[in-house]
Amino acid sequence: MYSIDLSGRHALVMGVANHRSLSWAIAQCLHQAGAELCLTYAGERLQSTVEELARSLPGVIVLECDVTRDETIDAVAKTLGERWGSIEMLVHGIAFAKKEDLEGAFVATSRDGFQLALEVSAYSLLNVTHRVLPLLEKNGGSIVTLSYLAAERAVPSYNVMGSAKAVLEQSVRQLAYELGPKNVRVNAISAGPVSTLAARGIHGFTDMLKKHAERCALKRNITKEEVGKAALFLLSDLSSGITGEVIYVDAGYRMMGW
Ligand code: NAP
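Anyway, here's the lowdown on the structure attached to this text. For clarity, every value in this text was computed on a predicted model and none was experimentally measured. (Residues numbered from 1 in each chain as written. Predicted model: local features only at pLDDT ≥ 70, side-chain atom pairs only at ≥ 80, totals over all residues. Heavy atoms only, no water.)

## Considerations on the sheet that holds strand S7 (residues 246–249)
Within the open sheet, the seven strands sit side by side as S3-S2-S1-S4-S5-S6-S7. Their pairing is parallel. For this open sheet the edge positions go to strand S3 (61–64) and S7, each flanked by a neighbour on one side alone. Between one strand axis and the next, the sheet turns through 20° on average, direction left out of account. Sheet analysis places strand S6 (residues 184–191) next to S7, joined by four bridges and oriented parallel. Residue pairing across strands places Ile189 opposite Ile247, the latter belonging to S7. Its contacts with the sheet place helix H5 (residues 111–139) against strand S1 (10–14), strand S4 (89–92), strand S5 (141–147) and S6, and it is angled at close to 170° to S4. The strands touched by helix H6 (residues 159–179) are S4, S5, S6 and S7; relative to S5, the strand with the most contacts, the crossing angle is about 170°. (Pairing = 2+ DSSP bridges. Helix = DSSP H or I, 4+ residues; strand = E, 2+ residues; numbered from the N terminus. Axes fitted to C-alpha atoms, helices over the stretch in contact; angles between N-to-C directions. Contact = heavy atoms within 4.5 Å.)

## Description of the environment of Ala150
With respect to the helices and strands, the residue Ala150 is situated in the loop between S5 and H6. Taking C-alpha positions, Ala150 is 9.2 Å from Ala164, a pair spaced 14 residues apart along the chain. The contacts of Ala150, once residues within four sequence positions are left out, are Val155, Tyr158 and Gly162.

## Side note on the environment of Leu125
Structurally, Leu125 is set in helix H5. Judged by its relative accessible area of 0%, Leu125 falls in the buried class. A C-alpha to C-alpha distance of 8.7 Å links Leu125 and Ile94, two positions 31 residues apart in sequence. Residues within four places of Leu125 in sequence aside, it is in contact with His92, Ile143, Thr145, Leu168, Ser171, Val172 and Leu175. (Buried < 20%, exposed > 50% of the residue type's maximum accessible area, 1.4 Å probe, protein only.)

## A word on the packing of aromatic side chains
Two descriptors summarise a pair of aromatic rings, namely the distance from one centre to the other and the angle between the planes of the rings. Under the definition given, this model contains one aromatic pair. The ring of Tyr248 has Arg254 sitting right over it, with the charged end atom 4.1 Å from the ring centre. (Phe/Tyr/Trp six-rings, centres within 6.5 Å; stacked < 30°, edge-to-face > 60°. Lys NZ or Arg CZ within 6 Å of the ring centre and 35° of its normal.)

## Observations concerning the site of the ligand
Around the ligand sit 29 residues, and of these Ser21, Leu22, Lys165, Val194 and Thr196 come closest. Take Ser21: an N or O atom from its side chain is 2.6 Å from an oxygen atom of the ligand. Between the ligand and Thr196, the relevant distance is 2.5 Å, taken from an oxygen atom to a side-chain nitrogen or oxygen of the residue. Within the complex, 92% of the 880 Å² of free accessible area of the ligand lies under protein. Mapped by element, the contributors of at least two residues to the shell around the ligand are helix H2 (44–54) and S5. (Near = heavy atom within 4 Å. Polar contact = N/O pair within 3.5 Å; in protein donor to acceptor, adjacent residues only side chain to side chain. Areas by Shrake-Rupley, 256 points an atom, 1.4 Å probe, with all protein chains shown as cover.)

Rendered as structure tokens:
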């Protein structure tokens, strides 16, 4: 019999902004499976919302972490080293691009807008992994990041975020290769569109949801809970032979020929 029991395992979950966040759906699945959790929030603006959510999951640690500030990542690693001693699961659900870079022409993306989007949405996967690696390699671990089809296809308005997702997916493969000998697995979930704070920053997102539901095999949009369940699989031993992969949770959109 196979079951998912994550009791005694520790998960660092980054990217919870509110109850709609994909990282929040993943956190809920991990909690139900018995994992101990730490949620991080990016700035004071989100602190009370994330703390409020965390109260519904007893025992959850809440810490600030802005991935553009290395000292906040190191502070998280230090606190979790002292509290837990190891991390077995890392969820990277972080992305950001300037509003003007998601609205205007891709060709006009500013240098600093390009750098910021890639730093927050892709480089942060490497940087966070590097800084928590001493904790991750203790017992071996599993890392999951969140991507989107714009990594490999041209998607209207996705602009620089598509560039960031392409780099993110390549980073998954390179990290998986490098960390494999340490028994740390790295995978991405490429999710179909879900209405979240970040997604609503994409110009024409509502139209994207409609088109997706019309064209995909299952004829509906995915739910954040479906992303949560796929992450639970990738973070648990049920997926122990899988690393360096992008798993599509998109209701059968990508595989269609139209
Ligand atoms: P979300 O709830 O808005 O989550 C995005 C998170 O990234 C927020 O918590 C945000 O915090 C955080 N973030 C931004 N800048 C940060 C920084 N400097 N340091 C730390 N955290 C930072 O939206 P979501 O849709 O769940 O996004 C999660 C991931 O899923 C993203 O990588 C997104 O690209 C990916 N994804 C989403 C969809 C979708 O349709 N929703 C589909 C495929 C992939 P702030 O709010 O403070 O900026």
